[in-house]
Amino acid sequence: MANSKYEYVKSFELEDEVMLPNLMVVRIDGRDFSSVVYKMSVVMVCSLCIGKVFDSDRFAQVHEFEKPNHEAALDLMNSCSAAVLEEFPDIVFAYGYSDEYSKIFSLVASFFAAVYVTKWKEFFPEINLEYAPSFTSKVVTCASSEVLQAYLAWRQQDCHVNNLYDTCFWLLVQSGKTISETQEFLKVEETVKHDENGNPVKRLRRKAVFVHSENIAGRSFWNNQPSLCQDLGNFTKDIRNIEPDYTRSFQFENKLLPLTWVVVRIDGCHFHRFSDVHEFEKPNDERALKLMNSCAVAVLKEFEDIHFAYGVSDEYSFVLKKESELYKRQSSKIISAITSFFTSTYVMKWGDFFPHKELKYPPSFDGRAVCYPTYKILLDYLAWRQVDCHINNQYNTCFWMLVKSGKTKTQSQDYLKGTQTREKNELLSRQFGVEYNSLPLIFRMGSSVFRLKEALEIESGVASGKKLEGEVVVDHCNIIEHSFWEEHPHILSYS
Ligand SMILES: Nc1nc2c(ncn2[C@@H]2O[C@H](COP(=O)(O)OP(=O)(O)OP(=O)(O)O)[C@@H](O)[C@H]2O)c(=O)[nH]1
Ligand SMILES: [Mg+2]
Ligand SMILES: [Mg+2]
């Protein structure tokens, strides 16, 4: 597809790969409640130290959890962890083993949040889930099994310190390996994704196994688990003291450059499949877009420092004010909190937008954060996204019109190859009687979300009303032209 003059903004997206032989530990810190250990390409272990479920007691209080441990709450967390592990062949497939790690940890937090909301009723049939839970996550890299051992010992120590000594441990059992009798073993081949031509891609989906151990970092436990030893390495000795250098590296947090505009862009994982399974209208499903918008509004209400958001298709970009000190600018926390909050809201609001459609499986989104040093580059970034929206929408509108008129997908693709904007508009008008510019703005412009500076009278359809100052609104304006920004200086430039 055509490049635009705004494409240069892509160069601000820095790579953040973890190289072999590092092991990746993804810790979902729903404020210290669980951790998932990955090997580069395969999730091998998920260790779950049960601590406080949420940072503040608010969530526990609102939902009347018993103290100190509410069994159903812990069971729900366990169940979500198992779901993460079982989901993993799919994630591995999608991201390969040297993809950006922000994608991986954000995806895990997002999926975890979606499963949490989905399973809530199973564990709390009597209690309403009052608001969207969110989780933070980060990656810890371990250069060897010795460091991993220290990491596990450190987490378990923390668990003991918190007086919550019950440590649960999940293993992924590899196919064909001997396993101890106590472990349940299941080998199921399932469709985990569809390729570009819609053909199912099958992989082995491995079942998580649940065991308890007093000391997950001990040789006696670890070395007796063939799947762990083989995939992650043996523990050669028991450790008494954890190297302070290791502990420091576990606590390291990446920070985003100060005084730059931070954009967190989230994108639906495999939404091609998700929209097929849920029979979204093609090329645009207004309800699906409005559900996305409503989640973005919730994000702006939850995170004051986000001043603007722009969404199209299955993605949303959230712009934080330059001076933001959210989570001390720790990128993993910012990315995972926003992504998981968006996802759990998506699941909670699904029924409002699709009252007659069941949510077939929990969706997930990945997130990344990019810093833009100047206001001009930030506006170019937003323009880049809106140009993309325009190009894709125009192409997709033509493509689906051709398909609906009887052409095959390949014929339609060939027909559109190399065509320019004007030719596509002519095609729509001549062959299908559709004036591109009369299509709904939400499809052509995408959606912008921001707070109002002044109270406003609005009229939308039959409903008219007054919007209050500071209220979060959704608009479908042209953000490429600078006139929008000049008319709304409060949104970004004067934050
Ligand atoms: N039918 C329909 N499909 C949509 C709509 N919005 C998004 N999609 C689908 O979601 C996809 C989003 O594109 P991508 O984000 O590039 O692709 P993806 O399948 O999500 O794959 P990854 O993002 O790489 O995980 C589109 O290609 C569509 O297939 C919609 O309103 N209607
Ligand atoms: Mg996507
Ligand atoms: Mg997308």
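Right, let's walk through the structure included here. Computed from a predicted structure; not experimentally measured.

Comments concerning the overall build of the protein chain
Each helix and strand in the protein chain was counted, giving 15 helices and 16 strands. When contacts within the protein chain are restricted to residue pairs at least 6 apart in sequence, those whose partners lie at least 24 apart make up 73%. Accessible surface computed for the protein chain: about 23600 Å², of which carbon and sulfur atoms make up 49%.

As for the pairing of strand β1 (residues 23-28)
Each regular strand displays side chains that alternate between the two surfaces of the sheet. Judged by how many residues are buried, β1 sits mostly within the fold: six of six residues are covered. The alternating pattern of β1 places Leu23, Val25 and Arg27 on one face and Met24, Val26 and Ile28 on the opposite face, and all of these are buried. As defined by bridge partners, β1 adjoins strand β4 (residues 137-142) across six bridges and the pair is classed as antiparallel. Residue pairing for β4: Ile28 is matched across the bridge by Ser137.

Let's talk about the coordination of the magnesium ion (ligand 3)
The protein atoms that coordinate the magnesium ion (ligand 3) are Asp267 (OD) and Asp314 (OD), at distances of 2.1 to 2.2 Å. Between the magnesium ion (ligand 3) and the magnesium ion (ligand 2), the interatomic distance is 3.4 Å, and Asp267 donates to each metal, bridging them. Taken as a pair, Asp267 in strand β9 (residues 261-268) and Asp314 in the loop between β10 (306-312) and β11 (315-320) lie far apart in primary sequence, 47 residues in all. By relative accessible area, which is 13% here, Asp314 ends up buried.

Some points on the environment of Gln394
By the element assignment, Gln394 lies in helix α11 (residues 375-404). Residue Gln394 is classed as buried on the basis of its relative accessible area, which comes to 2%. Spatially, the C-alpha atoms of Gln394 and Phe443 are 9.3 Å apart, while their sequence positions differ by 49 residues. Aside from chain neighbours lying at most four places away, what touches Gln394 is Thr421, Lys424, Asn425 and Tyr436.

Things to note about the coordination of the magnesium ion (ligand 2)
Bound to the magnesium ion (ligand 2) are the protein donor atoms Asp267 (OD), Gly268 (O) and Asp314 (OD), situated 2.0 to 2.1 Å from the metal. Between the six donor atoms coordinating the magnesium ion (ligand 2), the angles at the centre fall across 81 to 178 degrees, so the site counts as octahedral. All donor residues of the magnesium ion (ligand 2) come from one chain, and their arrangement in sequence is D-G-x45-D.

Observations concerning the pattern of salt bridges
Note on pairing: side chains with opposite charge can pair once their charged atoms come close. The tally for this structure, following the rule as stated, stands at 16 salt bridges. Asp238 serves as the salt-bridge partner of Arg219, at 3.8 Å between the closest nitrogen and oxygen. With Arg219 in helix α5 (residues 219-222) and Asp238 in the loop between α6 (226-232) and α7 (244-251), this residue pair connects regions lying 19 residues apart in the sequence. Judged by relative accessible area, which is 35%, Arg219 ranks as partly exposed. The exposure class assigned to Asp238 is partly exposed, which follows from its relative accessible area of 38%.

Rules used in this analysis
- Residues numbered from 1 in each chain as written.
- Chains lettered and ligands numbered in written order.
- Predicted model: local features only at pLDDT ≥ 70, side-chain atom pairs only at ≥ 80, totals over all residues.
- Heavy atoms only, no water.
- Helix = DSSP H or I, 4+ residues; strand = E, 2+ residues; numbered from the N terminus.
- Contact = heavy atoms within 4.5 Å.
- Areas by Shrake-Rupley, 256 points an atom, 1.4 Å probe, with all protein chains shown as cover.
- Buried < 20%, exposed > 50% of the residue type's maximum accessible area, 1.4 Å probe, protein only.
- Pairing = 2+ DSSP bridges.
- Donors = N, O, S within 2.8 Å, 3.2 Å for Na, K, Ca; no water.
- Tetrahedral: all angles 85-135°; square planar, octahedral: opposite > 155°, others 65-115°.
- Salt bridge = Lys/Arg side-chain N within 4 Å of Asp/Glu carboxyl O.

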